[in-house]
Amino acid sequence: MPIYARPSIHAIAGYTPGEQPVGLSKLVKLNTNENPYPPSPAVQRALAEFDWQAMRLYPEPTARPVRETAAEVFGIPASRILCGNGSDDLLTIALRTFVDAGQPFAFTAPSYSLYPVLADLQGAVQRPIELDPDFGLPADLLEQAGDARLLMLARPNAPTGTTFPKEAIRDLCGRFQGVVWIDEAYADFADDDCLDLVAEFPNVVVSRTLSKSYALAGLRLGLAFAQEPLIDEMLKLKDSYNVDRLTQAVAVAALADQPYLRELVRRIRATRAATAQALRDLGCAVLPSQTNFLFVHPAHRPAAELFQALRREGLIVRYFDLPRVRDYIRITIGTDAQMQEFLDAFQRLDQ
Ligand SMILES: *Cc1c(COP(=O)(O)O)cnc(C)c1O
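Engineer: Describe the environment of Ser40, listing the residues and the values that go with them.
Structural biologist: When you line up the elements, Ser40 lands in the loop between β1 (28-29) and α2 (41-48). Its relative accessible area of 5% is what places Ser40 among the buried residues. Between the C-alpha atoms of Ser40 and Pro77, which are 37 residues apart in sequence, the distance is 25 Å. In this view, Ser40 contacts Asp257 and Tyr260; residues no more than four positions away in its chain are not counted.

Engineer: Got a sec to walk through helix α11 (residues 258-281)? Specific residues and values, please.
Structural biologist: With 24 residues, α11 extends 35 Å from end C-alpha to end C-alpha; this agrees with the ideal 34 Å at 1.5 Å per step. Along α11, the positions that sit buried rather than exposed are Gln258, Leu261, Leu264, Val265, Ile268, Thr271, Arg272, Thr275, Ala276 and Leu279. Those residues of α11 that are buried lie in contact with α3 (64-74), α10 (245-256), β9 (285-286), β10 (293-297), β12 (329-332) and α13 (336-349). Just downstream of α11 lies Gly283, where phi reads positive at about 95 degrees.

Engineer: Residue-level account of the site of the ligand, with values.
Structural biologist: Every residue near the ligand is listed here: Gly86, Ser87, Asp88, Tyr112, Asp183, Ala185, Tyr186, Thr209, Ser211, Lys212 and Arg220. Separating an oxygen atom of the ligand from a backbone N or O atom of Ser87 is a distance of 2.6 Å. Lys212 is positioned with one of its side-chain polar atoms (N or O) 3.0 Å from an oxygen atom of the ligand. Across the complex, the protein chains shield 92% of the 390 Å² of accessible surface that the ligand would expose by itself. Counted by class, the shell around the ligand contains three nonpolar, four polar and four charged residues.

Cut-off values and rules
- Residues numbered from 1 in each chain as written.
- Predicted model: local features only at pLDDT ≥ 70, side-chain atom pairs only at ≥ 80, totals over all residues.
- Heavy atoms only, no water.
- Helix = DSSP H or I, 4+ residues; strand = E, 2+ residues; numbered from the N terminus.
- Buried < 20%, exposed > 50% of the residue type's maximum accessible area, 1.4 Å probe, protein only.
- Contact = heavy atoms within 4.5 Å.
- Expected span 1.5 Å × (residues − 1).
- Near = heavy atom within 4 Å.
- Polar contact = N/O pair within 3.5 Å; in protein donor to acceptor, adjacent residues only side chain to side chain.
- Areas by Shrake-Rupley, 256 points an atom, 1.4 Å probe, with all protein chains shown as cover.
- Nonpolar A, V, L, I, M, F, W, Y, C, P; charged D, E, K, R; others polar.

So this is what it looks like as structure tokens:
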């Protein structure tokens, strides 16, 4: 069989998403950081009132209604907002806009496992920057990033759930000569965020998603915030109609319902605190989480074994067989009832 793909594409494995089982009924799904609660009732209304006949028309190319709603919600002009088909789409646009093939792309590690895959797809030179033993930023991060065109980091970080001091990020933005991309997929669950750095620095992009905190992973809507020169370059790279008409209508409704978002976040943070405490009481090491998941070093059994044992009981968590993280399991925060079911099984199995 001849190889038809470009050699650089044929050579790489591609990204492996977390398992999405087909029959959900019997499983407790705590593996891909989805929200256990339904999206806002405003989403249901938007779907019911949606003009299906309008689907024959192309959507507004830049998702203007979404950008205008986001502008009000976040207090940032619509001209500084770019919408994507999920924030993964925005991360792809970032690599294509800022890093030519053969140029260096820096990213922290361990972090979102999509970053190195995007580097390979673009033919960029990977420049991973290892976090400290406690998953903090290394003191020589700037030197390591060097002349990279783009530096990407997740704050709060995945899969660790931990965050970085904001002052360190601000300092980095001021001193790094390339673009700093702050992936804030989990910022709604955190104590602070870096959105204000967009006004402060011409080289900063902050990205958000409706997938986690808004309970809309099935919709696919991401937002990037940056000053106009960066946004305008990225606009050239995106697909002409990267956010469909239905997504635009639903995203506007979801973004406008901020009280509902705050209630979801309040519940998940409360469940997170209770679950972390319960796991610590069982002797586990639990990293301090600013996200909707916990990164846990089990007290007794190896993480890989425990992951399999939980799986056999219908409890799906995430396990990464990668350096530095293979002794941990990542547990998405579900409802209180789901976490109780998880804790009961965990206590039984981690012996
Ligand atoms: C989930 C996640 C994303 C992707 O979000 P989508 O908007 O669903 O594409 C991006 N970055 C990090 C760190 C994530 O965990």
